[in-house]
Amino acid sequence: MPELPEVETIKTDLEKIILGKKIKVAEIKAAKIIKEPSAEEFAGKIKEEIIKKIIRRGKYLIFEFLSGKYLVIHLKMTGQLIYGDKNKQSKISFLLGNGQYLNFCDWRLFGEIRLIDDLEKFKGISKLGIEPLDIKFTIRMFYEMIKKKRSKIKSLLMDQSFIAGIGNIYAQESLFKAKIHPAKIALNLSKNESDKLFFSIKEVLTEAIKYRGSSINTYLDLEGRKGSMGERLRIYGRKGKPCFRCKSIVVGMKIAGRGTAFCPNCQK
Ligand SMILES: [Zn+2]
């Protein structure tokens, strides 16, 4: 699933291309993806909307229109936004004022699109925790946050109401970088471990944005290109292989139902 760096990459690319553009029409092939309002109402309401601003919040991509309405997109497992000609795989195709299309492709149909009047009334957004790359997210705040929590640190990092935008890949990478065992109970982290994890999260996410995200499954950017962060991952998907740091064999365990790789020697 695309996480913060992948969605941020799409957002930055979209800003260069579609700010100020008008949506002429939305062609809907898979009504299931439109969660709010009904697909017919959606198609009627989105006509002639002009894109004023693009926002990323957690893993959500948000188009703010001149009218004050918002188009809220969540790519979920296999969603892709591809700009250019009309794409045959597209489930929802937005024809723009310049004759180009913004195609929402999604073969598993788990993606979600909403057209809403008030962002704060949508719980998916209003319940999100702090943005990990926001300047307001501080080292002291992080320690205050985790020392109240009895859950496993990896589950906590993936909890969108705790911190927004981190998923299975970057939670594992951050914990490896900070040398912390993914099943360690959050409130048992020392101040030193908490500080290391804080910096690891920021560094891992910043590096992943720099390399335009990881194309582990189906993630592609706006022009259909893969990100190159996948080659730079240090622990994700490396179960059974030697640790990059100490050469011990990387092991795996399930945490909150998700496969998790870690080095039993480096991560305590
Ligand atoms: Zn190791």
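Residues numbered from 1 in each chain as written. Predicted model: local features only at pLDDT ≥ 70, side-chain atom pairs only at ≥ 80, totals over all residues.

This next bit is on the sheet that holds strand 7 (residues 90-96). Remark on secondary structure: sheet strands pair via backbone hydrogen bonds, oriented parallel or antiparallel. Overall, mixed pairing links the nine strands, which are arranged 2-9-5-4-3-1-7-8-6 in an open sheet. What marks the edges here is a single partner per strand, and that holds for strand 2 (34-36) and strand 6 (80-84). Mean inter-strand twist for the sheet, computed between neighbouring axes without regard to direction, equals 30°. Where strand 1 (residues 22-28) meets strand 7, five bridges bridge the pair, whose relative direction is antiparallel. Bridge pairing in strand 7 links Glu 27 to Ser 93. Of the strands in this sheet, strand 1, strand 2, strand 3 (49-57) and strand 9 (112-116) touch helix 2 (residues 39-46), which is tilted by about 160° from strand 1. (Pairing = 2+ DSSP bridges. Helix = DSSP H or I, 4+ residues; strand = E, 2+ residues; numbered from the N terminus. Axes fitted to C-alpha atoms, helices over the stretch in contact; angles between N-to-C directions. Contact = placed C-beta atoms within 7 Å.)

The next thing to look at is the domain arrangement of the protein. When cut into domains, the protein gives domain 1 (4-126) and domain 2 (139-262). Between the C-alpha centres of domain 1 and domain 2 the distance comes to 28 Å. The interface of domain 1 with domain 2 comprises 16 residues on the first partner and 19 residues on the second. Contributing elements (two or more residues each) for the side of domain 1 that touches domain 2: helix 1 (4-18) and strand 6. Take the side of domain 1 that touches domain 2: its biggest share by element is eight residues, from helix 1. Considered class by class, the residues forming the side of domain 1 that touches domain 2 number seven nonpolar, four polar and five charged. (Domains from an automatic or database assignment. Nonpolar A, V, L, I, M, F, W, Y, C, P; charged D, E, K, R; others polar.)

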